[in-house]
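Fold and contact review
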Amino acid sequence: MQGRPAYLRIAEELRGGIRDGSHPPGSKLPTMAVLSQMHDVSEIVVRQAIALLRGEGLVETRRGGGTVVRVCPPARRVAMDRYRLETRPLAAPATSFTHDQRIGWRDYRLDRAYTRVPADAALAALFELPATTELLRRRFVFHARGDPQQISVNYLPWDLVAGTPVADPEREPWPGGTPAQLAFLGHPLTRVEESVRSRMPTPEEAETLRMTGGVPVMTITRRMLSGEHVLEVCRDIVIPADRVILDYAIDL
């Protein structure tokens, strides 16, 4: 289009090359000097184009290493049946996360922080319990092959877990995850509910998950029920949107 800013035209051309495989993941884009010469523009204009692609999460600029097309293979969350893995006997230690990431137990690491907190109004409503009910708050950062992939903050009623191994952070990671823990406590799951949203990450989330600028996160609020009782609330599971595919299947 005549009169269109040069940086938009350059960005569109590079974006097209990334999407059609001309610039594959991990490859370097031409240098600023080469791009400015190719398009007969100043390097300032090229920098604007690269900044646009960086804001879209397509490239990253490395000190002394040029501009590189991001490598970001997605994990898969099979939302309709992923928790079934954790509610049956396991031949080897696993969780829905290790299944999603296609990794073994040795490649899995879980950073955790446990605190005892009163339920705020929103948590109390999700649990269907009185406000200020005592809860165990557990913040987890999930790593696959050394790379942080997911944050979750989940809550369990304190009177359910107090004095049990489930309240002991040294017992993590627990094969079978939270569903296996609830079964251990005598409350096997009968229902899981998830609500999915998207937003931009907080600075702390972006730093923890080593995210580049311009990439949103998927946030999943979860409730786990045994019969009529809500026994776990996760607020929230946080995953970079470019690392996840949410799969749904509905039988009619």
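As a starting point, this report considers the structure included with it. (Residues numbered from 1 in each chain as written. Predicted model: local features only at pLDDT ≥ 70, side-chain atom pairs only at ≥ 80, totals over all residues. Heavy atoms only, no water.)

Examining the environment of Arg222
So the rule is basically this: Helix numbers and strand numbers start at the N terminus; a helix is a DSSP run of H or I with at least 4 residues, a strand a run of E with at least 2. Contacts between residues were defined by any pair of non-hydrogen atoms, one from each residue, lying within 4.5 Å. The term polar contact refers here to a pair of N or O atoms within 3.5 Å; inside protein, the definition further demands a hydrogen-donor-capable atom paired with an acceptor-capable atom, and it admits residues adjacent in sequence only when both atoms are side-chain atoms.
Along the chain, Arg222 falls in strand β8 (residues 217–226). Along the sequence, Arg222 and Leu126 sit 96 residues apart, while their C-alpha atoms lie 9.3 Å from each other. Not counting chain neighbours up to four residues away, the residues in contact with Arg222 comprise Tyr83, Asn154, Thr178, Val192, Glu193, Glu194, Glu232, Val233, Cys234 and Ile237. In terms of polar contacts, Arg222 uses its side chain to reach the side chain of Tyr83, at 3.1 Å. At 2.5 Å, the side chain of Arg222 forms a polar contact with the side chain of Glu232.

Observations regarding a nonpolar patch on the surface
So the rule is basically this: What makes a patch is a set of residues exposed beyond 30% relative accessible area and free of salt bridges, joined within 9 Å when like-charged and within 5 Å when nonpolar (Val, Leu, Ile, Met, Phe, Trp, Tyr). In these tables, accessible area is a Shrake-Rupley quantity obtained with a 1.4 Å probe, and a residue counts as shielded only by the protein chains included in the view. Within this document, salt bridges are pairs made up of a side-chain nitrogen of Lys or Arg and a carboxyl oxygen of Asp or Glu, the two lying within 4 Å of each other.
The grouping of Met80, Val196, Tyr248, Ile250 and Leu252 at the surface amounts to a nonpolar patch, some 620 Å² of accessible area in total. Residue position: Leu252 is located in the segment after β10 (244–247).

Description of the packing of helix α2 (residues 32–39) against helix α3 (residues 43–55)
Packed helix pairs are specified by the crossing angle of their axes together with the interaxial distance, meaning the distance between the axes. How we decide: Fitted lines through C-alpha atoms serve as axes, helices being fitted only where they are in contact, and the angles separating the N-to-C directions of these axes extend from 0 to 180 degrees. Roughly parallel here means an angle under 35 degrees, roughly antiparallel means over 145, roughly perpendicular means 65 to 115, and every remaining angle is called oblique. Ten residues, namely Ala, Val, Leu, Ile, Met, Phe, Trp, Tyr, Cys and Pro, are considered nonpolar, four, namely Asp, Glu, Lys and Arg, are considered charged, and the remaining ones, Gly among them, are considered polar.
Across the interface, α2 lies against α3 with an axial gap of 9 Å and an inter-helix angle of 110 degrees. Taken together, α2 and α3 sit at an angle that is classed as roughly perpendicular. Packed against α2, whose contacting residues are Met32, Ala33, Leu35 and Ser36, the element α3 presents Glu43, Val46, Arg47 and Ile50 at the interface. For the contact of α2 with α3, a count of residues per class yields five nonpolar, one polar and two charged.

Remarks on the sheet that holds β8
Strand-to-strand pairing in sheets goes through backbone hydrogen bonds, with the strands running parallel or antiparallel. In plain terms, the rule: Each pair of strands is called paired provided DSSP finds at least two bridges between the two strands.
An order of β4-β5-β6-β9-β8-β7 is seen for the six strands of this open sheet, with the pairing classed as antiparallel. Two strands close off the open sheet at either side, each with one partner strand: β4 (108–118) and β7 (191–199). Neighbour to neighbour, the strand axes of the sheet diverge by 15 degrees on average, direction disregarded. Each of β5 (134–144), β6 (147–157), β8 and β9 (229–240) touches helix α7 (residues 177–184); the most contacted strand, β8, lies at about 15 degrees to it.

Some remarks on unusual backbone geometry
For the peptide bond that leads from Glu172 to Pro173, omega is 0 degrees, which places it in the cis range. Summarising the element assignment, Pro173 is placed in the loop between α6 (158–161) and α7. The omega torsion across Arg235 and Asp236 is 10 degrees, close enough to zero to call that bond cis. Here Asp236 shows up in strand β9. Phi at Thr132 is positive, roughly 75 degrees, even though this residue is not glycine. As for its position among the elements, Thr132 is in the loop between α5 (121–127) and β5.

Comments concerning the pairing of β9
Put simply, the rule is: The buried label goes to any residue with under 20% of its type's maximum accessible area, the exposed label to any with over 50%, and the partly exposed label to all in between, with areas taken from a 1.4 Å probe on protein chains only.
By the criterion of burial, β9 is predominantly enclosed, with 10 of the 12 residues buried. Sheet analysis places β6 next to β9, joined by four bridges and oriented antiparallel. Bridging from a neighbouring strand, Ser152 pairs with Ile237 of β9. The pairing of β8 with β9 spans nine bridges and is antiparallel.

Focus on the nonpolar core
Defined as follows: To qualify as a nonpolar core, a set must consist of buried Ala, Val, Leu, Ile, Met, Phe, Trp, Tyr and Cys residues joined through side-chain atoms within 4.5 Å.
Grouped together as the largest cluster of nonpolar side chains are 28 residues, with contacts concentrated most on Val161 and Leu182. If sequence neighbours within four positions are ignored, Leu182 has contacts with Leu156, Leu160, His187, Pro188, Leu189, Met224, Leu231 and Glu232. In terms of nonpolar packing, the next biggest core, distinct from the first, is built from 15 residues, Ile10, Leu14, Leu29 and Val59 among them.

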